[in-house]
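# Report on the structure
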Amino acid sequence: MSPTIVLEVETRCEEEERLESHELHKGVKHLCERGITKVPRKYILPALDRPILTKKDDATNFKLPVIDFDQLQGPNRIHALESLSKACEEYGFFQLINHGIECQSILEMIEAGRKFFDLSFEERSKYMSNDLRAPVRYGTSFNQNKDRVFCWRDFLKLDCHPLSDVLPYWPSSPTELRQAAVNYSEKTRFLYLMIVEAILESLGLVETTKDSDDHIKEFRDGSQLLVVNCYPSCPEPDLTLGIPPHSDYGFLTLLLQDEVKGLQIQHEGRWVTVEPVPNSFVINVGDHLEIFSNGRYKSVLHRVLVNRLKSRISIASLHSLPFESMIRPSPKLINDANPRRYKDTDFASFIEYIASHEHRSKNFLESRRLT
Ligand SMILES: O=C(O)CCC(=O)C(=O)O
Ligand SMILES: [Fe+2]
């Protein structure tokens, strides 16, 4: 072993001796507050799973499709629907611009999320829970009870539906969090329903927005989970990930990233970075929509890189069908040329699956596929 490697191993060991194992469960913000200078071994990915961080910016040759929400509402709807359909088929992701949610609501939500992670660990830890159905959950990694290797993220998950039932459980500190999250969740929910209408139309399931009313009922009652992701700066970003490759379980995710990049999606067999675009949402197809569209729209793998110098916050609004709904391919999208590709599934089986399996990329969706 070279002298530098010996020294590195020694520093890592010394730091780890000072860290008791239960401290890893307190999250990465806590580790940073303890002043670590090396990534503890629990976070080090096997060499093949590590990200390759290059200085060269791959964004110059990759652009996510952009959908203009204004155009979806205007006389150009047909063209905007074609672009939407192409984006969901080929990328599983798109940027939404001109979405109509004021900057103020967005900034207030990001700021409130940031302040939550600036609270003392004692204050944050009041919301730690192993119950996957708890209305509020603060935690770390992906599934901290199962992950063999931890990832470099802490999270606050707020169940948003029905608001009146869950609100009393939300953190009362920082004082502005509840109001900011109520406002933000209501606005993103409204936007989500408008996008669902467009998606149903793009799949040829409704002729016009007028007769989409019947179809949209089930979506109106759907669940919504706000996830505030906090990725502190990381001393060795090439050894770990903020979130490992995964697809989102629900129907659609509306994601807000701050100005620090980190999100990568799998496209044509490589990892490409999604450049943050101010005032836009990154929207992606979830497993429910892939199943519902009988495989036409793709729930695509994505992951998050961390940064040596900057911390990053993102806010994901995950929208799913109601807890008790059965998710199945739309009968109108099944025919001789397109046989049914997925088994029926529901929320309970998903919860059971993630509670009992270690996270491995698209495994839940794979388990629902008919061969
Ligand atoms: O932070 C990001 O950019 C992505 C977060 C994400 O994929 C998730 O919360 O499911
Ligand atoms: Fe995700």
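Residues numbered from 1 in each chain as written. Chains lettered and ligands numbered in written order. Predicted model: local features only at pLDDT ≥ 70, side-chain atom pairs only at ≥ 80, totals over all residues.

In the nomenclature of an unreviewed UniProt entry, the protein is known as Fe2OG dioxygenase domain-containing protein of Salix dunnii. One UniProt comment on the protein, placed under Sequence similarities (unreviewed entry), says "Belongs to the iron/ascorbate-dependent oxidoreductase family." Recorded under Function (unreviewed entry), the UniProt text for the protein is reproduced unchanged: "Involved in the regulation of shoot development and salicylic acid (SA) homeostasis." (UniProt positions renumbered as here; feature names shortened; annotations may be inferred.)

### Looking at the overall build of the protein
Each helix and strand counted, the protein has 13 helices and 14 strands in total. In summary, the protein has a C-alpha radius of gyration of 21 Å against a globular reference of 21 Å for 371 residues, a match within 12%. Across its three principal axes, the protein shows a C-alpha extent of roughly 70 × 45 × 40 Å. For the protein, long-range pairs separated by at least 24 residues make up 78% of all intrachain contacts whose partners lie at least 6 apart in sequence. (Helix = DSSP H or I, 4+ residues; strand = E, 2+ residues; numbered from the N terminus. Rg over C-alpha atoms; globule rule 2.2 N^0.38 Å. Contact = placed C-beta atoms within 7 Å.)

### Structural notes on the site of ligand 1
As a matter of local geometry, ligand 1 sits amid V227, N229, I243, D248, L255, Q257, G262, L263, H302, V304, S314 and A316. Contributions of two or more residues to the shell around ligand 1 are made by β5 (223-231), β7 (252-257), β11 (302-304) and β12 (312-320). Residues that form the shell around ligand 1 fall into these classes: 6 nonpolar, 5 polar and 1 charged. (Near = placed C-beta within 6 Å. Nonpolar A, V, L, I, M, F, W, Y, C, P; charged D, E, K, R; others polar.)

### Structural notes on the pairing of strand β9 (residues 270-273)
Taken together, the 4 bridges between strand β8 (residues 263-267) and β9 define a ladder with antiparallel strand orientation. Bridging across to β9, H267 finds its partner in R270. (Pairing = 2+ DSSP bridges.)

### Some remarks on the sheet that holds β5
If you trace the 8 strands from one edge of the open sheet to the other, you get β1-β2-β10-β7-β12-β5-β4-β3, paired in mixed fashion. On the outer flanks of this sheet lie β1 (66-68) and β3 (136-140), each paired with one strand and no other. Put simply, the sheet's adjacent strands are angled 25° from each other on average, direction ignored. Helix α6 (residues 103-118) rests against β4 (154-159), β5, β7 and β12 of the sheet, and its axis sits at about 110° to β12. (Axes fitted to C-alpha atoms, helices over the stretch in contact; angles between N-to-C directions.)

### Focus on the UniProt feature "domain: Fe2OG dioxygenase" (unreviewed entry) in the protein
When the UniProt feature table is mapped onto this chain numbering, "domain: Fe2OG dioxygenase" (unreviewed entry) sits at residues 221-321. Secondary structure across residues 221-321 divides into 6% helix and 45% strand, with the first and last C-alpha atoms of the span separated by 7 Å.

### A look at the packing of helix α5 (residues 77-90) against helix α9 (residues 177-202)
The interhelical angle for the contact between α5 and α9, taken along N-to-C directions, is 85°, at an axis separation of 9 Å. On the basis of their axis angle, the class for α5 and α9 is roughly perpendicular. Each of L81, L84 and S85 in α5 lies in contact with α9, whose residues at this interface are A198, E201 and S202. When its residues are assigned to classes, the contact of α5 with α9 shows 3 nonpolar, 2 polar and 1 charged. (Parallel < 35°, antiparallel > 145°, perpendicular 65-115°, else oblique.)

### Comments concerning the pairing of strand β10 (residues 281-285)
With 5 of 5 residues buried, β10 is to be regarded as a mostly interior element. Taking every second residue as pointing to the same face, both faces of β10 are buried, with F281, I283 and V285 on one and V282 and N284 on the other. Examined bridge by bridge, strand β2 (residues 93-97) and β10 share 4 bridges and lie antiparallel to one another. Looking at the pairing, L96 lines up with F281 of β10. (Buried ≥ 20, exposed ≤ 12 C-beta atoms within 10 Å, placed from the backbone.)

### Thoughts on the environment of V166
Considering the arrangement of structural elements, one finds V166 in helix α8 (residues 163-166). On the neighbour-count criterion, V166 (17 C-beta atoms within 10 Å) is partly exposed. Separated by 21 residues in the primary sequence, V166 and N145 place their C-alpha atoms 24 Å from one another.

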